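# Notes for the structure review
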Protein chains: 2
Amino acid sequence: MGPLGIKIADFITKRAGISTVAAVDKNERLVGMTLASLQEGLPADITVSASLREAVSQTRPDVAILTTVSDMERITPQILDIVALGIPVVSTCEELSYPWNTSPKLAETIDRSARENNVAVVGTGINPGFLMDALPAFFTALCQNVDRVEVNRYQNAVYRRVPFQKKIGAGLTLAEFEHKKRQGALRHVGLTESIHFIAAKLNWKLDKTEDIIMPVIAREDIVTEAMTIPKGNAAGVNQVGKGYVNGEAKIILNFRAAIGEADSFDEVKIIGTPNIYSHIEGGVNGDIGTCAITINVSRQILSAKPGLRTMGDIPSPACFAG
Amino acid sequence: MGPLGIKIADFITKRAGISTVAAVDKNERLVGMTLASLQEGLPADITVSASLREAVSQTRPDVAILTTVSDMERITPQILDIVALGIPVVSTCEELSYPWNTSPKLAETIDRSARENNVAVVGTGINPGFLMDALPAFFTALCQNVDRVEVNRYQNAVYRRVPFQKKIGAGLTLAEFEHKKRQGALRHVGLTESIHFIAAKLNWKLDKTEDIIMPVIAREDIVTEAMTIPKGNAAGVNQVGKGYVNGEAKIILNFRAAIGEADSFDEVKIIGTPNIYSHIEGGVNGDIGTCAITINVSRQILSAKPGLRTMGDIPSPACFAG
């Protein structure tokens, strides 16, 4: 029941056909509180429980939405606990979106347990999960052959929440940016998983992947409500993921989020037969999109094959109501 | 082994991981001919057979690609014959793309037979099958709610084959256009199926659908290699499909193909939370795209659930090789 869990709960209350029946968080500050006390409009008759087993024993949920951590190491035991109760899982865990290459052992552990319990597990979100992997792979269905896949996600982060702005390093000096980058605290998680997702869908064998993180440098002083960024400091991040086939970069994912970025858009370029160039004007808002797709996938997971699934092998989701 | 079958066979020879093992056509002019004699580069060791049973008995194909007719009435017995042999079917039959509302009894007949024989059947193509149904439905996965779906497919038909140009009425007088339209010879088949596809994915109950066909009128004389279109005659067709919910047009599919059309593009507008506006520059070539997606789907059909499937409930396709 962090910010993402609360926003998803809020979206669920506004949807016909789905409702929240239980909420779990280990944070002692939240345990025992009603959802309504966390945010206006949420159910007043549901209290946050510290115990998964207790929370689901009475309520028998059809699906669990898991919005806790970004890495496979920590998400795996959480998933195993839920799956053991016979409940399918949709998670926003970035590394779960396509863990078969980056965390094969943990992926197999989850897959085996999900099969044994006859439920499906999937990692989703707007990115990873859609814009830089599932969508470009889907576009290639129109192609007789594909030479290269390029995806560009450019965002003017001034429209995003302050925690997101901090996450992308906005306002840091270049030394601070470098330091945080070395700590692994700055990266957009999931770019390598998106590369492997596309390669798997296209049946490409990759020699190697790269994940390059650079600051976007403020060309002049930038003043926002939340911060002032001096010229020369980082205004955000530019992260480039590359997947190589026979020494050639055939998958190029370019993620750029910075305050003051001139234009926001999501772009897919398939170089092949035919070429396909798709452009989403203004880009897709990450906060709304991730919460929405998580709910939308929660319907599809019910008809997916048991096991660890990806956005590439579940029935394609859509916005449902009723 | 009409134009579409030959082009698909040609694409298959150029792909790793898939090959043609048999060819069937009832056309006496073709029976007994080698594929190589129909088009250079196709296999010289495969002859066109008049008998499905004979053609597949030795070769045991994994999947049948069926490119014969556009309507459910005539495609159904063909599909039943193939399915009875335990072979899954991918077809370019437009009405098969989503027949559950327009031909429910035939859809059920196919579905039952496919289940009994433990194979899947699907209708695909670029349109219907992708651009005006599967793609916009997929985009809505990013949305918390959807108020309206608009799709615009605009094509300058000067770049398409002459049979396509004739199919859209290019060159006809307005009286001839009206006459052909009344005969049902002018319509783009599948627009209503695309509407029902989107409505089903979004769980919308439609009051009614409309399928309006109008000529695009030449504003000046148009001279192409194949024809001269006098000013005032039809340069092509504009077909608008609408799906209504509570009296309001919530799905609007605008298909426009005419010689001399200023711009070619494929556009999706989702009015909802958030709005999504996607634009494919230049549009997607229908001849290449339909052949390619048919081959790409032929892999996915092997892991689809048995029965009559749609592009909305098979694992999402991508361009595969190897």
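Predicted model only: the values in this text are computed from it and were never measured.

Our focus in this paragraph is the domain arrangement of chain A. Residue and element names in this part refer to chain A. As far as domains go, chain A holds domain 1 (3-125 + 288-309) and domain 2 (134-283). One C-alpha centre belongs to domain 1, the other to domain 2; they are set 27 Å apart. Residue-level contacts link eight residues of domain 1 with nine residues of domain 2. Both sides of the domain 1 and domain 2 interface together cover about 750 Å² of buried area, and 64% of this is carbon and sulfur. At the boundary of domain 1 with domain 2, the tally comes to one salt bridge. Linking R187 and E95 is a salt bridge whose minimum nitrogen-to-oxygen distance equals 3.2 Å. Applying the counting criterion to the domain 1 and domain 2 interface returns two residue pairs in polar contact (both at pLDDT 80 or more). Per-class residue counts for the side of domain 1 that touches domain 2 are two nonpolar, four polar and two charged.

Glancing now at the packing of helix α4 (residues 72-83) of chain B against helix α5 (residues 104-116) of chain B. All names here are of chain B. For the pair α4 and α5, the least separation of the axes is 10 Å and the interaxial angle reads 5°. The orientation of α4 with respect to α5, classified from their angle, is roughly parallel. The segment α4 lies against α5, with M72, E73, T76, I79, L80 and V83 engaging L106, A107, T109, I110, S113 and A114. Across the contact of α4 with α5, the residue classes tally to eight nonpolar, three polar and one charged.

This part covers the relation of the copies chain A and chain B. When chain A is fitted to chain B, the residual RMSD is 0.0 Å, and the transformation amounts to a turn of 180° plus an axial shift of 0.0 Å. As the rotation angle and translation indicate, the two copies are arranged about a two-fold axis. By residue overlap, the copies meet face to face through one surface: 100% of the interface positions of chain A are interface positions in chain B.

Reading the values: the criteria
Residues numbered from 1 in each chain as written. Chains lettered and ligands numbered in written order. Predicted model: local features only at pLDDT ≥ 70, side-chain atom pairs only at ≥ 80, totals over all residues. Heavy atoms only, no water. Domains from an automatic or database assignment. Contact = heavy atoms within 4.5 Å. Buried area = accessible area lost by both parts, 1.4 Å probe. Salt bridge = Lys/Arg side-chain N within 4 Å of Asp/Glu carboxyl O. Polar contact = N/O pair within 3.5 Å; in protein donor to acceptor, adjacent residues only side chain to side chain. Nonpolar A, V, L, I, M, F, W, Y, C, P; charged D, E, K, R; others polar. Axes fitted to C-alpha atoms, helices over the stretch in contact; angles between N-to-C directions. Helix = DSSP H or I, 4+ residues; strand = E, 2+ residues; numbered from the N terminus. Parallel < 35°, antiparallel > 145°, perpendicular 65-115°, else oblique. Least-squares fit on C-alpha atoms with pLDDT ≥ 70 in both.

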